[in-house]
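Analysis of the macromolecular model
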Amino acid sequence: MKSLLLLPFRTLAALTALALAAHAAPAIKIGFLVKQPEEPWFQLEWKFADQAAKELGFTLVKIGAGDGEKVLSAIDNLAAGGAQGLIICTPDTRLGPGIVAKARAAGLKLLTVDDQLVSANGQPMSKVHYLGISAGKIGEDVGKTLAAEMKKRGWSAADTAVCAATFDELATAKARTDGAIAALKAAGFPANRIFKAPQRTGDIPGSFDATNILLTQKPDVKHWLICANNDNGVLGAVRALEGRGFTAATAVGVGINGTDCIVEFEKTKPTPFFGSMLLSAKSHGYDTAKMMYYWIKDGKEPPLDTRTVGVLITRENFRQVLKEQGIRD
Ligand code: FCA
C-alpha cells in the first residue's frame, strides 16, 4: 500500500524535474574582449568582470584581440559557443559598423566599454550602448594638476614647456589631451610652449618614440610638464625624459588610469611620474558585466551612455585610495 502511494509521487517529481529542465533558460555566457590585455587597466577590468560572473553565476569568456581580424573571428567563436552578449573595448574604433553588424547577425547583445565605436563618417555611434570616462573633464583635471605643480615648484613659463603625448586617432584619447591642454591654457600657460608628441601606437614605446623626437627638437627646455592619453603614455614620455637626464626635480607628469603606474609609485626614488587620475576599473568591469547579465536574463536594457570619473592619486595617497577602491589589499 505504502509503495503504491509513493510511486505516483516519484513519477510526479520526475516529471516536474523534466518539465523544469525543458523550460530552464540556457546558461548565460558573456564575452569580454579587450584591445590590450597586457595593460594592467584591462586586467583589472577583467578581474572585476570575473567577480560579477562569480556572484551572479554566469560564464565569462575573456578575449584579448589586438587587431580587427581577431575581433571578428572572436565574435564568430563566441556565437558558436553559445554566448548571448559581448562587452568590447575594440583595438580599432573604426571597426564600429562591422562589429555591430556581426554581433547583430550572431544574436549577441553588444556593450562597448572605454573606447566608443565610430561610424564610417567618423562620428561616434551613439546608438550603441557605451560605458566610458568623462574624458574631457578628466583631462582638464590633469592640466589643472600640472599647472598647480608648476606653480608650487616656482618654475617660470620661459623655462617650462608642455609635452602632450597624443593619440588623436582615438576619440577618448584626443578628448583627454585636449582637456589637459585647455586647462593649462586657462591657467595662463603660454600656448606657444605647448607641444604635441603624436604617438604612432597607443602604448609605452609609442609615446617613448614620439617624446624622443620632441626632445631632440627642443633641447633648451629646462622643465617639462607631461600629459597623455593614459599612464602608459606618460610612462613612455617619462622614460624618454629620464634618458636625457630629467628627474622628479625637473619634470612632472600626470597620467590617467591609476592602475598602470603603481610600480612607478612604489619605486623608492620619485620619478617625474607625479600622479595619475585613477579611473573606476570596477565600474568598467563589474558594472558592465552586471548590466549585460541582466540585459540577457531579464531584457533590462542598460543606459545608452554612461560616463565615469577619476580621482588624483600620487605617491602620497595611492596605497590608501587603491585599498578603498578594492584594487589592492
Ligand atoms: C582607453 C585607454 C585605456 C583606458 C581606457 C579607459 O581604452 O587606452 O588605457 O584609459 O580608455
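Residues numbered from 1 in each chain as written. Predicted model: local features only at pLDDT ≥ 70, side-chain atom pairs only at ≥ 80, totals over all residues. Heavy atoms only, no water.

Counted by the stated rule, this structure contains 17 salt bridges. For Glu 266, the salt bridge identified is with Arg 328, shortest N-O distance 2.9 Å. Residue Glu 266 is located in helix α9 (residues 262-266), and its partner Arg 328 is located in the segment after α11 (318-324); the two are separated by 62 residues in the primary sequence. Since its relative accessible area comes to 35%, Glu 266 is described here as partly exposed. Relative accessible area serves as the criterion here: at 35%, Arg 328 is assigned to the partly exposed category. Via salt bridges that share partners, Arg 239, Glu 242, Glu 264 and Lys 267 belong to a single interconnected network. (Salt bridge = Lys/Arg side-chain N within 4 Å of Asp/Glu carboxyl O. Helix = DSSP H or I, 4+ residues; strand = E, 2+ residues; numbered from the N terminus. Buried < 20%, exposed > 50% of the residue type's maximum accessible area, 1.4 Å probe, protein only.)

Time to look at the packing of aromatic side chains. Following the criterion strictly, the structure yields five aromatic pairs and no others. Taken together, a centroid distance of 5.2 Å and an interplanar angle of 40° make the contact between Phe 265 and Phe 318 tilted. Of the two residues, Phe 265 sits in helix α9 while Phe 318 sits in helix α11, which places them 53 residues apart along the sequence. For the pair shown, Phe 265 and Phe 318 are each scored as buried. (Phe/Tyr/Trp six-rings, centres within 6.5 Å; stacked < 30°, edge-to-face > 60°.)

With that settled, the discussion passes to the confidence of the model for the protein chain. Per-chain confidence: the protein chain averages 94 in pLDDT, with 92% of residues scoring 70 or above. Counted against residues more than four places away or in other chains, residues 1-5, with its pLDDT under 50, gives zero contacts. (pLDDT = per-residue confidence, 0-100. Contact = heavy atoms within 4.5 Å.)

On to the pairing of strand β10 (residues 273-278), then. Along β10, five of the six residues are buried, which leaves the element largely enclosed by surrounding structure. Bridge count for strand β9 (residues 251-257) against β10 is five bridges, and the pairing is parallel. Across the sheet, the residue bridging to Asn 257 is Leu 278, located in β10. The pairing of β10 with strand β12 (residues 311-314) spans four bridges and is antiparallel. Bridge pairing in β12 places Leu 278 opposite Val 311. (Pairing = 2+ DSSP bridges.)

Taking 1.5 Å of rise per residue, 14 residues should cover 20 Å, and helix α7 (residues 204-217) covers 20 Å from first to last C-alpha, within 8% of that figure. Listed in full, the buried residues belonging to α7 are Gly 206, Ser 207, Ala 210, Thr 211, Asn 212, Leu 214 and Leu 215. In this fold, the buried residues of α7 make contact with β6 (160-166), β7 (194-198), β8 (223-228) and α8 (231-243). For α7, the side-chain oxygen to backbone nitrogen distance between the N-cap and Gly 206 is 3.0 Å, and the N-cap itself is Asp 203. (Expected span 1.5 Å × (residues − 1). Polar contact = N/O pair within 3.5 Å; in protein donor to acceptor, adjacent residues only side chain to side chain.)

Moving on, we get to the environment of Ile 181. Relative to the elements of secondary structure, Ile 181 occurs in helix α6 (residues 171-186). Ile 181 gets classed as buried once you look at its relative accessible area, which sits at 9%. A sequence separation of eleven residues divides Ile 181 from Asn 192, and the C-alpha atoms of the two residues are 11 Å apart. Residues in contact with Ile 181, not counting those within four places in the same chain, are Ala 164, Ile 194 and Lys 196.

This part is about the site of the ligand. Residues in contact with the ligand, as listed here, are Lys 35, Glu 39, Trp 41, Phe 42, Cys 89, Asp 114, Asp 115, Arg 176, Asn 229, Asn 230, Asn 257 and Leu 279. For the ligand, an oxygen atom lies 2.7 Å from a polar atom in the side chain of Asp 115. Residue classes in the shell around the ligand are distributed as four nonpolar, three polar and five charged. (Near = heavy atom within 4 Å. Nonpolar A, V, L, I, M, F, W, Y, C, P; charged D, E, K, R; others polar.)

Mapped onto the elements, Asn 229 comes out in the loop between β8 and α8. Residue Asn 229 is classed as buried on the basis of its relative accessible area, which comes to 6%. Not counting the four nearest positions on each side in its chain, Asn 229 is found in contact with Ala 165, Ala 173, Arg 176, Thr 177 and Ile 256.

Their axes nearest at 7 Å, the elements α7 and α8 cross at an angle of 45°. In this view, α7 runs oblique relative to α8, as classed from their interaxial angle. Here α7 runs over α8; the crossing is right-handed. Every residue of α8 that contacts α7 at Ile 204, Ser 207, Phe 208, Thr 211, Asn 212 and Leu 215 is listed here: Asn 232, Gly 233, Leu 235, Gly 236, Ala 237, Arg 239, Ala 240 and Leu 241. (Axes fitted to C-alpha atoms, helices over the stretch in contact; angles between N-to-C directions. Parallel < 35°, antiparallel > 145°, perpendicular 65-115°, else oblique. Left-handed = near helix turned anticlockwise from the far one by under 90°.)

Strand-to-strand pairing in sheets goes through backbone hydrogen bonds, with the strands running parallel or antiparallel. Spatially, six strands are ordered β2-β1-β3-β4-β5-β11 in an open sheet, and the strand pairing comes out parallel. Of all strands in the sheet, those with a lone pairing partner are β2 (59-64) and β11 (305-308), marking the two edges. Adjacent strand axes in the sheet meet at a mean angle of 15°, parallel and antiparallel pairs treated alike. Here strand β3 (residues 85-88) runs beside strand β4 (residues 109-113); their pairing, made up of four bridges, is parallel. Looking at the pairing, Leu 86 lines up with Leu 110 of β4.

This brings us to the sheet that holds β7. The strand order across the open sheet formed by six strands is β7-β6-β8-β9-β10-β12, and the pairing between neighbours is mixed. If you trace the sheet from one side to the other, it starts and ends with β7 and β12, each paired once. This sheet shows a mean twist of 20° between the axes of neighbouring strands, independent of strand direction. Docked against the sheet, helix α5 (residues 135-153) engages β6, β8, β9, β10 and β12, running at close to 160° with respect to β9.

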